Amino acid sequence: MSTSLQHLFDNNREWAARMVRENPAYFSRLANQQTPKYLWIGCSDSRVPANQITGLDPGEVFVHRNVANVVVHSDLNALSVIQYAVDALKVEHIMVVGHYGCGGVLAATRGMRVGLADNWLRHVQDVRLRHRQRLNHLPQAELESAMCEMNVIEQVGNVALSNVMQDAWSRGQKVTVHGWIYGLDDGLVKDLGVSMTGASEVVDVFRRAFKRYPRGGM
């Protein structure tokens, strides 16, 4: 079996040539500036490409991705990306973007073992346990979709409560944190209605968001 990746290099050359044909200044402009207004924190899933989904060119969105789009305060990788985006690039919007059918969320929800990633997905399992009264009464398919949404909402809260965001808001910097979810079956992004523009909004927005998921027996 061939292990050559030459087809990827060929694709790259074809793509680069096409970009230059369409816009001769494309790469010179790209090389000389990076001024994105947006930070996308998404899942590593290969079916969820930030630029294509939003119709943005390279250089217009700063991207961080990991399994199940998790942001935790012990993850210096994610926090460093957020800090650079906010403090250096001066992004105006941070979008935490999950997707329905997320393999990481489903594994955590179903209690499936996947290996080393089990340790990382413990954060998602914590979301499942914390909101079990809003989840356990749901049919499995609805439960899993709700978990994908709830995981996004939790991570939006984690971003908003980070020292990077708290410091930015305290100095009056205008940057908003949003929670979105993407549908693999229709290609559409849904706003989960948890946008936060300042430290004073975080608790109320967070609380209202979870009230959309009624507790069982109520």
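Further up the page is the structure itself.
Predicted model only: the values in this text are computed from it and were never measured.

**Student:** Just to check I follow, could you spell out unusual backbone geometry for this structure?
**Tutor:** Most of the time, phi is negative for any residue but glycine, and the peptide bond is trans. One non-glycine residue, Ala68, lies in positive phi territory at about 70°. If you trace the backbone, Ala68 turns up in the loop between β2 (61-66) and α4 (76-88). If you check the backbone angles, Asn69 has positive phi at about 40° while not being a glycine. You can see Asn69 is positioned in the loop between β2 and α4.

**Student:** Honestly, the nonpolar core in this entry has me stumped. Any pointers?
**Tutor:** Burial of nonpolar side chains together is a common tendency in soluble globular proteins. Counting 49 residues, the largest nonpolar core has Leu39, Ile82, Ile94 and Val159 as the members making the most contacts within it. It is helix α8 (residues 140-160) that provides the largest number of residues to this core, a total of ten residues. With residues up to four places along the chain from it excluded, the contact list for Ile82 reads Leu39, Ile41, Val71, Ile94, Val159 and Val164. Counting eight residues, the second-largest nonpolar core is a separate cluster that includes Trp40, Val48, Ala50 and Trp180.

**Student:** Is there a simple way to explain the side chain of Thr109 in this structure?
**Tutor:** Structurally, Thr109 is set in helix α5 (residues 103-110). Ignoring any residue separated from it by four or fewer positions in sequence, one finds Thr109 in contact with Arg128, Gln140, Leu143, Glu144 and Met147.

**Student:** Is there a simple way to explain the environment of Asn51 in this structure?
**Tutor:** Tracing the chain through its elements places Asn51 in helix α3 (residues 50-54). Sequence-wise, Asn51 and Val205 are 154 residues apart; in three dimensions their C-alpha atoms are separated by 28 Å. Those residues in contact with Asn51 that sit more than four places away from it in its chain are Leu56, Asp57, Pro58 and Val61.

**Student:** Even after reading the chapter, I still don't get the sheet that holds strand β3 (residues 93-99), so can you show me in this structure?
**Tutor:** Across a sheet, paired strands are connected by hydrogen bonds in the backbone, their directions being either parallel or antiparallel. Across the sheet, five strands lie side by side as β2-β1-β3-β4-β5; this open sheet has mixed pairing. The open sheet has two edge strands, β2 and β5 (189-191), and neither has a second partner. Neighbour-to-neighbour, the strand axes of this sheet turn through a mean angle of 25°, independent of strand direction. Here six bridges tie strand β1 (residues 38-43) to β2, and the two strands are oriented parallel to one another. Across the sheet, residue Tyr38 finds its bridge partner in β2, namely Val61. In this fold α4 packs onto β1, β2 and β3, with an angle of close to 170° to the strand it touches most, β2.

Cut-offs and rules
Residues numbered from 1 in each chain as written. Predicted model: local features only at pLDDT ≥ 70, side-chain atom pairs only at ≥ 80, totals over all residues. Heavy atoms only, no water. Helix = DSSP H or I, 4+ residues; strand = E, 2+ residues; numbered from the N terminus. Core = buried A, V, L, I, M, F, W, Y, C linked by side-chain atoms within 4.5 Å. Buried < 20%, exposed > 50% of the residue type's maximum accessible area, 1.4 Å probe, protein only. Contact = heavy atoms within 4.5 Å. Pairing = 2+ DSSP bridges. Axes fitted to C-alpha atoms, helices over the stretch in contact; angles between N-to-C directions.

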